[in-house]
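Notes for the structure review
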Amino acid sequence: MNKGLEHVARLLNLYGAAGMTARDVRIAAVCHGEADKAVLSDAAYAARFKVAANPNLPLIRYLKKAGVEVFVCGQSLHDLRFKAEEVAEEVPVADAAMLVLVNKQTDGYAYIPAP
């Protein structure tokens, strides 16, 4: 499991412990660098890592159902030689993680780096 995605789920759970629902907050996650492999489709993940399926996709689907936006950086996809077609359909490919981060902060989001 990707530690950054687990970190996002933990943040969501902390809000829940405070009596808020996922819809009471706005959370966006941007995968980039080595985290890009977490958003590959089951078929692409299985082909590259010789396992049955991507173990991160159930968590991504849970986060998205809870209202979390999940993106992947197109620049790092290219650097790691992943194709946009290999990304799970529920994860949009951003032009660059940096652009998402700057734009979200302009919209009032706080930047919390994941481990």
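All chains use their own residue numbering, which begins from 1 and follows the written sequence. Local features in this predicted model are restricted to residues whose pLDDT is 70 or higher, and side-chain atom pairs enter the listing and the counts only when it is 80 or higher, whereas totals over whole chains, interfaces and linings include all residues. With hydrogens and water stripped out, all remaining heavy atoms of the structure feed into the side-chain values.

1. Quick word on the pattern of salt bridges
Going by this rule: Salt bridges are defined as contacts in which a side-chain nitrogen from Lys or Arg sits within 4 Å of a carboxyl oxygen from Asp or Glu. Counting from the N terminus, the helices are DSSP H or I runs at least four residues long and the strands are E runs at least two residues long. The classification of residues rests on relative accessible area computed with a 1.4 Å probe and restricted to protein chains. Under 20% of the type maximum is buried, over 50% is exposed, and intermediate values are partly exposed.
Under the definition given, this model contains five salt bridges. Note that lysine 37 is salt-bridged to glutamate 34, the shortest N-O span being 3.9 Å. Across the pair glutamate 90 and arginine 61 runs a salt bridge whose closest N-O atoms are separated by 2.5 Å. Within this pair, whereas glutamate 90 is found in the loop between helix H4 (74-79) and strand E3 (93-94), its partner arginine 61 is found in helix H3 (residues 57-65), the two being separated by 29 residues in sequence. Relative accessible area serves as the criterion here: at 18%, glutamate 90 is assigned to the buried category.

2. Concerning helix H5 (residues 97-106)
Filter applied, for reference: Directions are taken from the helix axis to each C-beta atom, and the arc is the one they span. Contacts between residues were defined by any pair of non-hydrogen atoms, one from each residue, lying within 4.5 Å.
Those residues of H5 that fall on the buried side of the exposure criterion are Ala97, Val100 and Lys104. What you see down the axis of H5 is that its buried residues fit within an arc of 60 degrees, all on one side. Turned more than 90 degrees away from the buried face of H5 sit Met98 and Thr106, all of them exposed. Looking at the buried positions of H5, the neighbouring elements they touch are strand E1 (28-31), strand E2 (69-73) and E3. Directly beyond the C-terminal end of H5, a positive phi value near 100 degrees is found at glycine 108.

3. Considering unusual backbone geometry
Despite not being glycine, lysine 50 shows a phi value in the positive range, around 55 degrees. In this structure, lysine 50 sits in the loop between helix H2 (42-49) and H3. One non-glycine residue, arginine 81, adopts positive backbone phi at about 65 degrees. Inspection of the secondary structure assignment puts arginine 81 in the loop between H4 and E3. In this structure arginine 81 comes out as exposed when scored by relative accessible area, which is 68%.

4. Re the side chain of asparagine 56
Mapped onto the elements of the fold, asparagine 56 is located in the loop between H2 and H3. Residue class for asparagine 56 comes out buried when judged on its relative accessible area of 4%. Excluding residues within four positions of it along the chain, asparagine 56 makes contact with Met1, Asn2, Leu5, Ala38 and Tyr45.

5. A word on the pairing of E2
Rules: Here a strand pair is declared whenever DSSP counts at least two bridges between the two strands.
Among the five residues that make up E2, four are buried, leaving the element largely enclosed by the rest of the structure. Pairing of E1 with E2, which is carried by four bridges, proceeds in the parallel orientation. When the bridges of E2 are listed, alanine 28 appears paired with glutamate 69. Strand direction decides the pairing type here: E2 and E3, joined by two bridges, are parallel. When the sheet's bridge partners are listed, valine 72 is paired in E3 with valine 93.

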